[in-house]
Structure formats: structure tokens, C-alpha cells
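Residue-level structure breakdown
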Amino acid sequence: MKQFISVKDVNDINTLVKRALAYKADPLIDKTLGANKRIGLLFLNPSLRTRLSTQLAAQNLGMEPIVFNVDKEGWALEFTEGAIMNGTTVEHIKDAAPILGNYFDVLCIRTFPSLQNREDDYAEKIIHQFIKHAAIPVISLESATLHPLQSLTDLITINESLTESKILNKKPKVVLTWAPHIKPIPQCVANSFSEWMTTWGEADFVITHPEGYELSEDYTKGATITNNQEAALKDADFVYVKNWSSFKEYGKVTCTDENWMLTNAKLANSNNAKVMHCLPVRRNVELSDEVLDGANSLVTKEASNRVWAAQAVLAEILETLNKK
Ligand code: CP
């Protein structure tokens, strides 16, 4: 693997999931694969799970991780080509990124969308400039439109749960349901989950959301899409709960209907569905306490699996680097 920006960088999803589960069973089996290799983790936005799980994964492979909170401790970066830098930005990405490329062997970036300009966000201007100017393998820790490490984790968690519950001879029904939120949230997790589920192709995948919350068709081809949440949840084996702001009326909150919150009553006609969320979650806004604290909640397991997802991706990138 040369980089990890989306599912398109993955050769074989099931092989990657298997590798992650092998690391879960024995975290230190490849403890020297990353010896003498440095990984830089740059955060332009906050994180708990992604930051800590990626550091742990790197250490399990013998790498030295260095974290830099660019948003709080770094110079304000400029990303516009030809910018006259007489404003608030201090350093151009063209000057900063090549240095990072010399300091590190692998570079990880977290950067959120502006939610102001759809064209700029969906062009992935920031992460692509890091890729271009750093010239070393880049891993997305969530970008303007996608969160591939989260989606790989979600697929690992679904696979693990299918094995544990012995649902192996039927296609599981996996439902992504929109949930309310108090502020505009990126479409990244929902885009990415849809892209991974439709590419994986081993589930009946349904997306349900209020009118006006259609995701970009680039990520949803092959999914069944409905505004009827009750119908979507019927017979579901997995329910993935997530808020996102409107793609059409870009970055806007156009629905505040609290009835979209997932509760146990809504799951009554599901197939005893397991419930997922990437976290952080707004309790009793997106999901009720009873669901989050209930026996079918996978959220803690899902977040814990972030280590194994990051480790599998890093291992594939290290193998490519070590061949050079
Ligand atoms: N799910 C996720 O990416 O969590 P963090 O924002 O805490 O990294």
C-alpha cells in the first residue's frame, strides 16, 4: 500500500480485515516491522480515538510516533497557490510539507472540512497538498470528505460480530441512519462508511435520512436509500447511527426533528440489531442512553478496534517502504 486516503488505496478489504484481527489476537507479532521508522501525526483538528489508537498501532510495529497539534502549536498554514501572505497565515504548505517529508517516513494528517465551500472541501485541497509536497506515504486520520480508518474499523467490528453471532451464511442487513445533532457536522464518516460498505459488497446496505440529507452519489452507488427510517430498520442486523450536515444545501442543518434519534423502541422490528457509532456521540440527541448502554451496543468495541485497523494499514505501508 502506497498511501491510505480512501478505500481505493486498498488492494483487498477482506485481507486487510483479517490482518487487523490477527493483530488483535497478538498485537506484537510484527513488533520490528517499523524499526528505525518515524511516523508524524499532524492534527489540524481535535481527536481522542484516532490520535491515541494510531500512536499505539505504530508502537506495536516498533515505530517512533511523534504527534504535532498544528492547530494549537504550529504556524498557521497557507494552502492557496500564489497567495499574497499578508494576512493571518504564516507558512505555506509548499515550505512546511517537504520538511515533514524529510523528518518522517510516514505522515498522518487530520483535517476537517470548512463546511463553507463544497467545491474546495470535496477537492480535498489540504490532504492532497500534503501528499504532493511531503512526497512520503500519507495516511488520512480523517479528511474533508472521508474517514477511512474509521470505516475499516467499522468493517472489522461487523466481521467480528458476524463470526461471534455465527451469522455467516446470509448477507447481513446493515443500516446507516441519520441522527439529529445540535450543530453542522461533516459528511466524512457517512460518506466513508457508504463507500466501504458498497465496495465490500457483502451486506444489504441501506441508508436512511430525512429529505435533503442525500449524500454525494460518488459514495452511495449500490446502496438502497430511503427517507422511511422505520422501514429501513426492519430486520436490520447492524444499525450505524451518525449525523451529517446537508450535502445539497452545503453544511446546513435543515432538519432538527428529534424523532430521528435512535431508541430501543425503534429497534423493536430489527433482527436484534447491534448498534454502532464512531464516537464522540451526543447522548440523548443522536442515540438514547438505553441504546448506548445496552447489551447490543458495539461502540466501545468499535473504538477499541481502531488500534488494529491502524496497525493493519501501517503494516501494509511499511512493507511497501521496506521493499524500496
Ligand atoms: N471516531 C473518531 O475519529 O474519534 P476521534 O475524533 O476522537 O479521533
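Residues numbered from 1 in each chain as written. Predicted model: local features only at pLDDT ≥ 70, side-chain atom pairs only at ≥ 80, totals over all residues. Heavy atoms only, no water.

Focus: the side chain of T220
Let me state the cut-off plainly: Runs of E in the DSSP output that reach at least two residues are strands. Runs of H or I that reach at least four are helices, and both are numbered from the N terminus. A simple rule labels every residue: compare its accessible area, found with a 1.4 Å probe on the protein chains alone, to the largest value its type can have, and call it buried under 20%, exposed over 50%, or partly exposed in between. It only takes one pair of heavy atoms within 4.5 Å for two residues to be counted as in contact.
Relative to the helices and strands, T220 resides in helix α9 (residues 217–220). According to the relative accessible area criterion, T220 is buried, its value standing at 6%. Filtering out sequence-adjacent residues up to four positions away, T220 remains in contact with S194, T198, I207, L215 and I225.

Considerations on the domain arrangement of the chain
Just so we agree on the cut-off: Start and end points for every domain follow an automatic or database-based domain assignment. When two parts are brought into contact, each loses some accessible area as probed by a 1.4 Å sphere; the total of that loss over both is the buried area. A pair is scored as a salt bridge if a Lys or Arg side-chain nitrogen falls within 4 Å of a carboxyl oxygen belonging to Asp or Glu. Whenever a nitrogen or oxygen atom comes within 3.5 Å of another N or O atom, the pair is scored as a polar contact, on the condition that within protein one atom can donate a hydrogen and the other can accept it, and that pairs from neighbouring residues in sequence are kept only if both atoms are in side chains. We call Asp, Glu, Lys and Arg charged. Ala, Val, Leu, Ile, Met, Phe, Trp, Tyr, Cys and Pro are nonpolar, and the rest, Gly among them, are polar.
Per the domain assignment, the segments making up the chain are domain 1 (7–146 + 306–322) and domain 2 (150–303). Computed over C-alpha atoms, the centres of domain 1 and domain 2 are 26 Å apart. Listed as interface residues are 26 residues of domain 1 and, on the opposing side, 32 residues of domain 2. Surface buried jointly by domain 1 and domain 2 totals about 2,500 Å² across both partners, of which 63% is contributed by carbon and sulfur atoms. Three residues stand out in domain 1 for area buried against domain 2, namely L115, Y122 and R306, and they jointly supply 26% of the buried area on that side. The closest approach of N and O atoms between E160 and K24, which form a salt bridge, is 2.6 Å. Run the count over domain 1 and domain 2 and you get 11 residue pairs in polar contact (both at pLDDT 80 or more). Within the residue set of the side of domain 1 that touches domain 2, elements represented by two or more residues are α1 (13–25), α5 (118–122) and α13 (306–323). No other element matches the seven residues that α1 contributes to the side of domain 1 that touches domain 2. Split into classes, the residues belonging to the side of domain 1 that touches domain 2 amount to 14 nonpolar, five polar and seven charged.

Brief notes about the pattern of salt bridges
Oppositely charged side chains can pair when the atoms bearing their charge come close. With the rule as written, the count across this model stands at 16 salt bridges. With its nearest N and O atoms 2.7 Å apart, the salt bridge here joins R19 to E319. On the criterion of sequence distance, the pair formed by R19 in helix α1 and E319 in helix α13 is long-range, its members being 300 residues apart. Through salt bridges with shared partners, one network takes in R19, D30, E316 and E319.

Side note on the sheet that holds strand β10 (residues 238–242)
Quick reminder of the rule: Strands qualify as paired when DSSP identifies two bridges or more between them. Axis definition: a line fitted to C-alpha atoms, over the contacting stretch in the case of helices. Angles run 0 to 180 degrees between N-to-C directions.
The strand order across the open sheet built from five strands is β9-β8-β7-β10-β11, with neighbouring strands paired in parallel fashion. Edge positions in the sheet fall to β9 (224–226) and β11 (274–276), since each of these pairs with one other strand and no more. This sheet shows a mean twist of 20° between the axes of neighbouring strands, independent of strand direction. The sheet contact formed by strand β8 (residues 204–208) and β9 spans three bridges and is parallel. What sits directly across from V206, in β9, is T224. On top of the sheet, helix α7 (residues 148–164) reaches β7 (173–178), β10 and β11; it is set at about 155° to β10, its chief contact.

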